[in-house]
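# Breakdown of the fold
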Amino acid sequence: MNKFSFAKSCFIALSLLSSFAFSAPIHVVAEDASLPPNILFILADDLAWSDLGCYGHPWHRTPYLDKLAANGNRFTQAYAPAPICSASRASILTGKTPARLHFEFVTKNEPGLQKIDLATPLTAPPFTLNLPLHEQTIAERLSEFGYQTAFFGKWHLNPHHKRYLGWSPTHGPSAQGFHVAEEDFGAHPYAWKQSPVETIRESGKFAKDTMVEKVSQYLQKDHGRPFFAMASSFYVHTPVRTPCQWLRDHYEQRIPDDSPRRKQRIEYAAFLETFDHHVGQILAALDDAGQSERTIVVFLSDNGGHPEYTANAPLRGAKWNLYEGGIRVPMIVRMPKQSARRTIEQPVVGYDLLPTMLEWAGSNADPSIRSTKDVEQIDGTSFAPLLDPSSDRPANTQRNLLWHFPYYHPETGFAKAPESIGIDDFVTSRTRPQSAIRRGKYKLLHFAEDDRIELYDLSKDIGEQRDLSGEQTDIARRLRDELQDELRRSNARFATANEF
């Protein structure tokens, strides 16, 4: 057995022996270069693809995320698994599509069906309330490789327990493989009812954020073994409000007078800069702990931006629909000792993270070290080779990426919502049951109500303005067939016809 295999085997043995005592760190030689890396996963909420300075935004200041991108890998065609929170997070954690998980919408407090304030020809599937406990998460799988796992912040994979977004004692992070779990709103406006925040006028000063502090404290502990830490932020989800008057004043001067929804965008820009500051605090804690050189940092958003607060141009659509604005998101991955930016244009999706992280942990590097549990089918593909310039494994450029959203949105206000979905229209439009598939440069959308399709060549039409389904009929037919085959293989649920 080589040194790498022996170290991994020791980790697994230590993990099993300490499965009931993860609060006490196990001290092994953390400096051994053969050991797997730490993984820090920062998940943003509702952050748009074009929101960051490093993605070309003309006035948002995001210096810490820009620096992360400058020293890491910036993905230009990364996707969320769903255009909405719970479904996307469940998929990221399990490596399965929302279609396979039957978790395609947000969790609710009670089981049942959607009630839309307008008659619709279809009824969406029943709500899924919890991420099933039999589903193996990233945390559970990494635990088997000797990792200590920790979760901080927004879960949103169970009905609200005792308070809005409250964690379930039976289906929260602690029940899904996380040894350390801290439930905390931090300084997000969700917490303002319990802890009002005073107006801040001093330039450069931000409100104290207890969630960020807990993440930072965790990173600075002596773990004695690799860790997987997930910092799941509530930013930049509504309500979009900031106590930092100095930031409002700055963007009051910076944002053009003729900008649509200017007041909301001023507040949003200040809100986003606050989030960027939080990311900076977390990364500084990693540096202070001396762990940056052996930690992979992953940054991702759970879905596209809110249409009433941010512009998604040049992308069409926004959160809640399957046009690019709803699912294409910023993703940055910084590898240990990386010091120069690389831009990666290969399409990847959030459910690729699980197999990627397992490869980082060593599951592909050493075939003798694998999960001892029965492993159900996952849908993701590791993108680890894309981050290794020395890798000779070819990238799979002709794989299918799949999305499935058999629901309506908004549930309240659907009757008054506009029908069309455009680019930077700054309204919440009607989203109807739909699915999508991307293969190579082509993306096809299928709309369930009228069995209609749209086809776009994203290499030439990133804004999805020219529907090619009537011109490139062979490609449209093939992609439509592949979409239906993928959904059938996933045992996907569909919206069903109403009887009037």
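Figured I'd write up the structure that's included with this text. Predicted model only: the values in this text are computed from it and were never measured. (Residues numbered from 1 in each chain as written. Predicted model: local features only at pLDDT ≥ 70, side-chain atom pairs only at ≥ 80, totals over all residues. Heavy atoms only, no water.)

## Remarks on the environment of Gly380
- Among the secondary structure elements, Gly380 is positioned in the loop between helix H10 (353-361) and strand E11 (400-405).
- In this structure the C-alpha to C-alpha distance between Gly380 and Pro355, which are 25 residues apart in sequence, comes to 6.3 Å.
- Not counting residues within four places of it along the chain, the set of residues in contact with Gly380 comprises Gly95, Tyr351, Asp352, Pro355 and Arg399. (Helix = DSSP H or I, 4+ residues; strand = E, 2+ residues; numbered from the N terminus. Contact = heavy atoms within 4.5 Å.)

## Quick notes on the environment of Arg334
- Following the sequence through the fold, Arg334 ends up in strand E8 (residues 328-334).
- For the pair formed by Arg334 and Asn71, sequence separation is 263 residues and the distance between their alpha carbons is 6.6 Å.

## As for the sheet that holds strand E14 (residues 452-457)
- Taken together, the four strands give an open sheet; going across it, the order is E11-E12-E13-E14, and neighbouring strands pair in antiparallel fashion. Of all the strands in the sheet, the pair left with one neighbour each is E11 and E14. Averaged over all pairs of adjacent strands, the angle between strand axes in this sheet comes to 15°, irrespective of strand direction.
- Relative to E14, strand E13 (residues 442-447) runs antiparallel, the two sharing six bridges. For His446, the partnering residue across the bridge sits in E14 and is Ile453.
- Docked against the sheet, helix H11 (residues 473-489) engages E11, strand E12 (434-439), E13 and E14, running at close to 115° with respect to E12. (Pairing = 2+ DSSP bridges. Axes fitted to C-alpha atoms, helices over the stretch in contact; angles between N-to-C directions.)

## Topic: the packing of helix H2 (residues 63-70) against helix H8 (residues 262-288)
- The interhelical angle for the contact between H2 and H8, taken along N-to-C directions, is 55°, at an axis separation of 7 Å. Classed by the angle they form, the pair H2 and H8 counts as oblique. Residue-level inspection shows Pro63, Tyr64, Leu65 and Leu68 of H2 in contact with H8, the latter providing Phe275, Asp276, His277, Val279, Gly280 and Leu283.
- Taken together, the residues of the contact of H2 with H8 sort by class into seven nonpolar, two polar and one charged. (Parallel < 35°, antiparallel > 145°, perpendicular 65-115°, else oblique. Nonpolar A, V, L, I, M, F, W, Y, C, P; charged D, E, K, R; others polar.)

## Things to note about the nonpolar core
- Core analysis: the largest hydrophobic core is formed by 56 residues, its most contacted members being Leu40, Leu219, Phe275 and Phe299.
- Elements represented by at least two residues in this core include exactly strand E1 (38-44), H2, strand E4 (148-153), helix H6 (210-219), strand E6 (227-232), helix H7 (245-254), H8 and strand E7 (295-301).
- Apart from residues lying up to four places away in sequence, Phe299 is in contact with Ile42, Ala44, Leu47, Leu52, Leu65, Leu68, Phe275, Val279, Pro330, Met331 and Ile332.
- Counting 43 residues, the second-largest nonpolar core is a separate cluster that includes Phe41, Leu300, Leu353 and Leu358. (Core = buried A, V, L, I, M, F, W, Y, C linked by side-chain atoms within 4.5 Å. Buried < 20%, exposed > 50% of the residue type's maximum accessible area, 1.4 Å probe, protein only.)

## Re the environment of Arg294
- Assignment of secondary structure puts Arg294 in the loop between H8 and E7.
- Counting along the chain gives 255 residues from Arg294 to Ile39, while the straight-line C-alpha distance between them is 8.7 Å.

## Side note on the packing of aromatic side chains
- Enumeration over the complete set of coordinates arrives at 26 aromatic pairs.
- An angle of 65° between the planes, with centres 5.4 Å apart, marks the rings of Phe75 and Phe383 as edge-to-face. Here Phe75, found in strand E2 (residues 73-79), pairs with Phe383, found in the loop between H10 and E11; they are 308 residues apart in sequence, far enough to count as distant. For the pair shown, Phe75 and Phe383 are each scored as buried.
- Judged by centre distance (6.5 Å) and plane angle (45°), the rings of Tyr323 and Phe447 are tilted. Of this pair, Tyr323 sits in the loop between E7 and helix H9 (324-327) while Phe447 sits in strand E13, placing them 124 residues apart in sequence.
- Under the relative-accessibility criterion, Phe447 is labelled buried at 9%.
- Through pairs of rings, three or more aromatic residues link up here, namely Phe151, Trp155, Trp167, Phe178 and Phe228.
- Over the face of the ring belonging to Phe185 we find Arg163, whose NZ or CZ atom lies 4.2 Å from the ring centre.
- The ring of Tyr323 has Arg316 lying over it, and the distance from NZ or CZ to the ring centre is 3.9 Å. (Phe/Tyr/Trp six-rings, centres within 6.5 Å; stacked < 30°, edge-to-face > 60°. Lys NZ or Arg CZ within 6 Å of the ring centre and 35° of its normal.)

## Thoughts on H8
- Between the first and last C-alpha of H8 there are 39 Å, a value that for 27 residues agrees with the 39 Å anticipated at 1.5 Å per step.
- Along H8, 21 of the 27 residues are buried, which leaves the element largely enclosed by surrounding structure.
- Positive phi appears at Gly290, one or two residues downstream of H8, with a value of about 70°. (Expected span 1.5 Å × (residues − 1).)

## Quick word on the pattern of salt bridges
- Considering all chains together, one arrives at 32 salt bridges under this definition.
- Put simply, Asp46 and Lys319 hold a salt bridge, and the shortest N to O gap is 2.8 Å. Highlighted residues: Asp46 in the loop between E1 and H2 and Lys319 in the loop between E7 and H9, separated in sequence by 273 residues. Note on accessibility: Asp46 and Lys319 belong to one class, buried.
- A salt bridge links Glu482 to Arg478, with the shortest nitrogen-to-oxygen separation between them at 3.6 Å. Taken as a pair, Glu482 and Arg478 lie in helix H11 at a separation of four residues, close to a single helical turn.
- For Glu482, a relative accessible area of 19% puts it in the buried group.
- With relative accessibility at 38%, the residue Arg478 sits in the partly exposed group.
- Connected through salt bridges with shared partners, the residues Asp45, Arg89, Lys154 and Asp302 form a single ionic network. (Salt bridge = Lys/Arg side-chain N within 4 Å of Asp/Glu carboxyl O.)

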